[in-house]
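If you want the building blocks of each chain, they are given just below.
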Amino acid sequence: MGARRSLGRQFGWLWAAYTVSTFGTRLAFDAFPLIAVLVLHAGPTEVSVLAAAGLAVGAAVAVPLGPWVEFRRKRPVMVAMDLIRCAALLSVPAAFALGRLSFVQLLFVSVIVVAADITFNAAGGAGLKALVQPQDLLVANGRFEATNWTATVLGPPLGGAAIGLFGPVVTVVADAVSYLLSAVGIRAIGGREPHPARTDTRPRLRAGDLLDGWRYILTHPTLRPLFYNTLLVNSLIMASAPLLAVLMVGHLGFAPWQYALAFAVPCLGGLIGSRLARRLVARFGQHKVMLTFGALRACWSLGLAFIRPGAAGLVLVMTVELGLITCMGVFNPVFSTCRLDLTESDRVTRTLSAWSVTGKVTTAVVTGLWGLLAGITSPRTAIALAGLLLLTTPLLLPRRDPAPQHERELAPGCT
């Protein structure tokens, strides 16, 4: 095993900020659906509406922010989004303590958090590309991916235990504090961030500029099929998540900590996959790895339709999720690196924002439809249909190896 490659002090602070906010978010795993079920006694349709409306309206709010952020310094934007998310989330425990928490407030907070998430991530992608060398992008994305899955292993069980001991909103407080600490970490990056240069002389944002990200994606021969593939895969997986919460906690009698544990332990596969991604790319090439694991990640979700009560049900969920998450752990950093590679530097924020907005809206629509389907049939039937449709998604993966903007040399060693 080779020595860990150093990406510098500034990346270290960015990684630290990402780590603390990711752990906070994973600690609050499915907090809003659980609050809706346990506190507001919501059913499957209401839980799906909560997820769908927050995504859709939040994405709509974020649409003009991508072009606006493109030619502004990214770190102040990221700090502002962290502080906005912190304030919005803190309103939930405040209302709960006063006995005034409502479904409408959960919707409103969801919208704010989603819009801030999209803007933060778009600015963060551009900031990462400017902060590290091109040959280090896969290393950096691998570290983010490993952090994400490590947090997912540890966060949900701890969050489920905290909910059982201290009540359903305690993890929301932890998530809010994590965004505050993330803002501190981003401020600590230091150095002078250059002001992005404009590629045109237009002084103001025009209505047509809002579509620049989509134009770039849909005219690119490799980004376009990747765009369609990730939209469909992510929306079908996410549409099943609230229904799984209803099925496991509401119908099959699993405790919240068991539900969280069932999805946390398999995330060790994501950690393993993210550690393998760079080595696999070095041996087989970026395109072949992305195509193979992009197809494999579609093969697992159908198994979730066969959950039963008790230990056997937990084992089934863990097995299915382990296979799915391991494949995602390899695919995600390779995909993220490919997307940044193929996007021109002065279009990164607009492209990532458009990608994220479309992803949120698609997920919202599919989640809403799946909630209605679950209400008409059952959560189990809706989960099964999502799994069947996922089997078709490899057809959307790009078949041709993209021509990169530069030749990447991958040094030996682990990420």
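Here the structure is a predicted model, which means the values were calculated and not measured.

The rules behind these values
- Residues numbered from 1 in each chain as written.
- Predicted model: local features only at pLDDT ≥ 70, side-chain atom pairs only at ≥ 80, totals over all residues.
- Heavy atoms only, no water.
- Helix = DSSP H or I, 4+ residues; strand = E, 2+ residues; numbered from the N terminus.
- Rg over C-alpha atoms; globule rule 2.2 N^0.38 Å.
- Contact = heavy atoms within 4.5 Å.
- Areas by Shrake-Rupley, 256 points an atom, 1.4 Å probe, with all protein chains shown as cover.
- Phe/Tyr/Trp six-rings, centres within 6.5 Å; stacked < 30°, edge-to-face > 60°.
- Buried < 20%, exposed > 50% of the residue type's maximum accessible area, 1.4 Å probe, protein only.
- Lys NZ or Arg CZ within 6 Å of the ring centre and 35° of its normal.
- pLDDT = per-residue confidence, 0-100.
- Axes fitted to C-alpha atoms, helices over the stretch in contact; angles between N-to-C directions.
- Parallel < 35°, antiparallel > 145°, perpendicular 65-115°, else oblique.
- Left-handed = near helix turned anticlockwise from the far one by under 90°.
- Salt bridge = Lys/Arg side-chain N within 4 Å of Asp/Glu carboxyl O.

Undergrad: An account of the overall build of the protein chain is needed here, citing residue identities and associated values.
TA: Across its full length, the protein chain holds 16 helices and zero strands. Its C-alpha atoms give the protein chain a radius of gyration of 21 Å, within 12% of the compact-globule value 22 Å for 415 residues. For the protein chain, the C-alpha atoms occupy an extent of roughly 55 × 45 × 40 Å along the three principal directions. The long-range share in the protein chain, meaning contacts at least 24 apart out of those at least 6 apart in sequence, stands at 87%. Roughly 17,600 Å² of accessible area belongs to the protein chain as shown, and the carbon and sulfur atoms make up 67% of that amount.

Undergrad: For the packing of aromatic side chains, give the residues involved together with the corresponding values.
TA: Taken as a whole and assessed by the stated rule, the structure comprises seven aromatic pairs. Measuring from ring centre to ring centre gives 5.6 Å for Phe11 and Phe144, while their planes differ by 50°; the resulting arrangement is tilted. Of this pair, Phe11 sits in helix α1 (residues 9-27) while Phe144 sits in helix α7 (residues 137-166), and the two are 133 residues apart along the sequence. Its relative accessible area of 12% is what places Phe144 among the buried residues. Its guanidinium or amino end placed over the ring of Phe120, Arg85 lies 4.6 Å from that ring's centre, counting from NZ or CZ. Taking NZ or CZ as reference, Arg297 lies 4.0 Å from the ring centre of Phe331, over its face.

Undergrad: I'd love a proper account of the confidence of the model for the protein chain, names of residues and values included.
TA: Looking at the protein chain, pLDDT values average 84 and 91% of them are 70 or higher. Predicted confidence is poor over residues 403-415, with pLDDT under 50, and the contacts of this stretch with residues over four places away or in other chains come to 41 contacts.

Undergrad: Could you give an account of the packing of helix α10 (residues 223-251) against helix α16 (residues 379-390), naming the residues involved and the relevant values?
TA: Orientation of α10 relative to α16, taken along the N-to-C sense of each, is 155°, at an axis distance of 9 Å. Comparing their axes, α16 and α10 come out roughly antiparallel. Every pair of crossing elements has a handedness; the one defined by α10 and α16 is left-handed. Facing α10, whose interface residues are Val233, Leu236, Ile237, Ser240, Leu243, Leu244, Val246, Leu247 and His251, α16 presents Pro379, Arg380, Ala382, Ile383, Ala386, Leu389 and Leu390.

Undergrad: Describe the packing of helix α13 (residues 286-296) against helix α14 (residues 311-342), naming the residues involved and giving the relevant values.
TA: Two elements in contact, α13 and α14, have axes whose closest approach is 9 Å; the angle formed by their N-to-C orientations is 135°. Looking at the two axes, α13 sits oblique to α14. Crossing handedness for the pair α13 and α14: left-handed. Every residue of α14 that contacts α13 at Gln286, Val289, Met290, Phe293, Gly294 and Leu296 is listed here: Cys327, Val330, Phe331, Val334, Phe335, Thr337, Cys338 and Asp341.

Undergrad: Let's hear about the pattern of salt bridges: which residues, and what values?
TA: Applying the stated criterion across every chain, the model contains five salt bridges. Taking the shortest distance from any N to any O, the salt bridge between Arg85 and Asp82 comes out at 2.6 Å. Residue Arg85 and its partner Asp82 are located together in helix α5 (residues 74-97), separated by three residues, close to a single helical turn. On the basis of relative accessibility, which here comes to 4%, the residue Arg85 falls in the buried class. The residue Glu344 makes a salt bridge to Arg347 at a minimum N-O spacing of 3.6 Å.

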